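Here is how the chains run, residue by residue.
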Amino acid sequence: MTSPNLQRRYRKTLTYVLVVSALAGAIYGGVLTYILAHGEPHELLEDIVRGTLRGIFTGLMIGGLIGWFDIFLVNTGRARLRSLPFLWLVLIKGAYYSAAILGSIWLGGHLFRIEGDPGTGFNRTTIITVTFALIFSTLFSFMMEMSLLLGPGVLRDMLLGRYHHPRRERRLFVFFDMRGSTAIAERIGDLAFHRLLNRFFSDLTEPVLAWQGVIHKYVGDSMIVTWPLGGGRNPAGAFAAVAEAHARLASLRDDYLRDFGMAPEFRAVLHAGEVVTGEMGEVKREIVLLGDTINTTARIEQLAKTMPDHATIASAEALAAALPAGTAARPLGEFSLPGKSAAITLYAVS
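Residues numbered from 1 in each chain as written. Predicted model: local features only at pLDDT ≥ 70, side-chain atom pairs only at ≥ 80, totals over all residues. Heavy atoms only, no water.

Participant: Teacher, can you tell me more about unusual backbone geometry here?
Facilitator: The phi torsion of most residues other than glycine is negative, and most of the peptide bonds are trans. Despite not being glycine, Q212 shows a phi value in the positive range, around 65 degrees. Here Q212 is to be found in the loop between α7 (190-210) and β2 (214-219). Given a relative accessible area of 31%, Q212 falls into the partly exposed group. (Helix = DSSP H or I, 4+ residues; strand = E, 2+ residues; numbered from the N terminus. Buried < 20%, exposed > 50% of the residue type's maximum accessible area, 1.4 Å probe, protein only.)

Dropping the structure here:
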C-alpha cells in the first residue's frame, strides 16, 4: 500500500499538472479563437470567451487523464506499468495519450460550440489543437521520465544551473545496506539476486520519497539517500523514512519468501555534515557530492556491519541535525575510523 505521505505528494503533483494544463488551455483556446474567428466585434468577444472556456475544459481533461495515468498507474505500486519492457511501455503510453487527447478535444468541441466553428471533425483547427496537445503532453512525459532518471528535484537543479559551479552545503546522509547480501547472492544465484536487489531498492524508495529524501546513487547492495539541511525539506524525515522502510519490508516479508525463498533486511547508517555539491562529467553528467562527510558515512557503514544487533546507527552529528521528538537514541560509545584522527560517537536509534 502506498504511503499516505507519498499519496499526498502525488495528489499535490497532479494538482500542479491540472493548474498548468488549465492555464495553457485557456491561453491556447483564447488566442486560437481570436486568430480564426470571423464576425462582428460583439460576436468575437463571445467566441473568445467560449474558446477560452473550451481550452480550460480540454486542458483539464488532457492534463488530468495523462497526469493520473503517469503518476498513479505508470509509476506507483508493485504492479506498475514501468515494470513492462520499454517498447511495450512506449506503445501503451502512446495509445493512451492519443485516446485521451482526441477524446478530450472531441468532448470540449461538443460542450463549447462556437458560432461558425467547422465542428470537431478533421479540419485545420483540430489538427492545430491535436498537435499542440501532443507537444504539451509529450513534454510532460519527458519531464516525468527525466525526473525518474535523475531523481526527484535533480532535474530542476540542473535546469536552473544550481550546481553548475560547485558549492558547499550541509546535508544529512542515510546509507541503506542490505544485510548478508553476499550470502544471499551465493544462495539464490546472480540473476535472482539482481531481481531481489531491484525489488528491495524499489520498496525502499517509496518511504524515502514520502519523506522528501533524494536518492543520490546505488552502490552495490547499498542505496545512498540525502536530505539537505535547511530549505524546504525537513531532515527529521530521514529518521521517519528509515522507520517506515523497516515497517514496509516487514509487511512484505511473505511476498519475498514466496518469490525468493528469503526476506531481506537492512541496516541504516545516518551521518550529517558539509559536502561540496556540483555537476561533473560530459557524456554522463550527474550531480556529485564530495567531502569528508560522505567518506565518514561510508566508514560508519563498514563499522556497523560488526554490530548486527543494531538496525539503525546514527552519529552525534546526525542526531544534532535532525533527531525527531519521540525517537530514542542509546549511546554505543566512541569509535576510531580508518583515516580519521578524531573518534566519532555513535548511537543506536529506535
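Participant: Where do I start with the pattern of salt bridges in this structure?
Facilitator: Two side chains bearing opposite charge may form a pair once their charged atoms approach each other closely. Under the defined criterion, the tally for this structure stands at eleven salt bridges. Linking R248 and D203 is a salt bridge whose minimum nitrogen-to-oxygen distance equals 3.5 Å. With R248 in helix α8 (residues 237-251) and D203 in helix α7, this residue pair connects regions lying 45 residues apart in the sequence. For the pair R248 and D203, one class covers both residues: buried. Through salt bridges with shared partners, a single ionic network connects R199, D255, R258 and D259. (Salt bridge = Lys/Arg side-chain N within 4 Å of Asp/Glu carboxyl O.)

Participant: Which parts of the structure should I look at to understand the packing of helix α1 (residues 4-36) against α7?
Facilitator: For any two helices packed against each other, one specifies the crossing angle of their axes together with the interaxial distance. With their axes 8 Å apart at the nearest point, α1 and α7 run at an angle of 65 degrees to one another. Considering the angle they form, α1 stands roughly perpendicular to α7. For the pair α1 and α7, the crossing hand works out as left-handed. Residues N5, L6 and R9 of α1 lie in contact with α7, whose contacting residues are E206, L209 and A210. (Axes fitted to C-alpha atoms, helices over the stretch in contact; angles between N-to-C directions. Parallel < 35°, antiparallel > 145°, perpendicular 65-115°, else oblique. Left-handed = near helix turned anticlockwise from the far one by under 90°. Contact = heavy atoms within 4.5 Å.)

Participant: How do you make sense of the pairing of β2 when you look at a structure like this?
Facilitator: For a regular strand, side chains alternate in direction, first toward one face of the sheet and then toward the other. Pairing of β2 with strand β3 (residues 222-228), which is carried by five bridges, proceeds in the antiparallel orientation. Looking at the pairing, I215 lines up with V225 of β3. The turn joining β2 and β3, which pair antiparallel and follow one another in sequence, is formed by two residues; a positive phi near 60 degrees is taken by G220. (Pairing = 2+ DSSP bridges.)

Participant: Teacher, can you tell me more about the packing of aromatic side chains here?
Facilitator: Two measures describe an aromatic ring pair: the distance that separates the ring centres and the angle between the ring planes. Inspection of every chain in the model, using the stated rule, returns seven aromatic pairs. A centroid spacing of 4.1 Å and a plane angle of 15 degrees characterise the contact between F69 and Y96, whose relative ring orientation is stacked. Of this pair, F69 sits in helix α2 (residues 41-74) while Y96 sits in helix α3 (residues 86-111), and the two are 27 residues apart along the sequence. You can call Y96 partly exposed: its relative accessible area is 22%. Here a set of aromatic residues connected by ring pairs shows up, and it is made of F200, F201 and Y218. Over the ring of Y256 we find R199, and its NZ or CZ is 5.7 Å from the ring centre. (Phe/Tyr/Trp six-rings, centres within 6.5 Å; stacked < 30°, edge-to-face > 60°. Lys NZ or Arg CZ within 6 Å of the ring centre and 35° of its normal.)

Participant: Could you clarify how one ought to interpret the nonpolar core in this entry?
Facilitator: Note on soluble globular proteins: their nonpolar side chains tend to be buried together. Core analysis: the largest hydrophobic core is formed by 37 residues, its most contacted members being L172, V174, F176, F200 and F266. Elements supplying a minimum of two residues to this core: β1 (167-178), α6 (181-188), α7, β3, α8, α9 (253-260), β4 (266-280) and α11 (316-322). Top contributing element to this core by residue count: α7, with seven residues. Apart from residues lying up to four places away in sequence, F200 is in contact with M178, D221, L249, Y256, P264, E265 and F266. (Core = buried A, V, L, I, M, F, W, Y, C linked by side-chain atoms within 4.5 Å.)

Participant: Got a minute to help me understand the environment of A325 in this structure?
Facilitator: Assignment of secondary structure puts A325 in the loop between α11 and β7 (329-335). Through-space distance from the C-alpha of A325 to that of A236 is 9.1 Å; in sequence the pair is 89 residues apart.

Participant: Would you explain the side chain of T296 in this entry?
Facilitator: Its place among the elements puts T296 in helix α10 (residues 292-304). For T296, a relative accessible area of 2% puts it in the buried group. Apart from the residues within four sequence positions on either side, T296 is in contact with H271, L337, K340 and I344.

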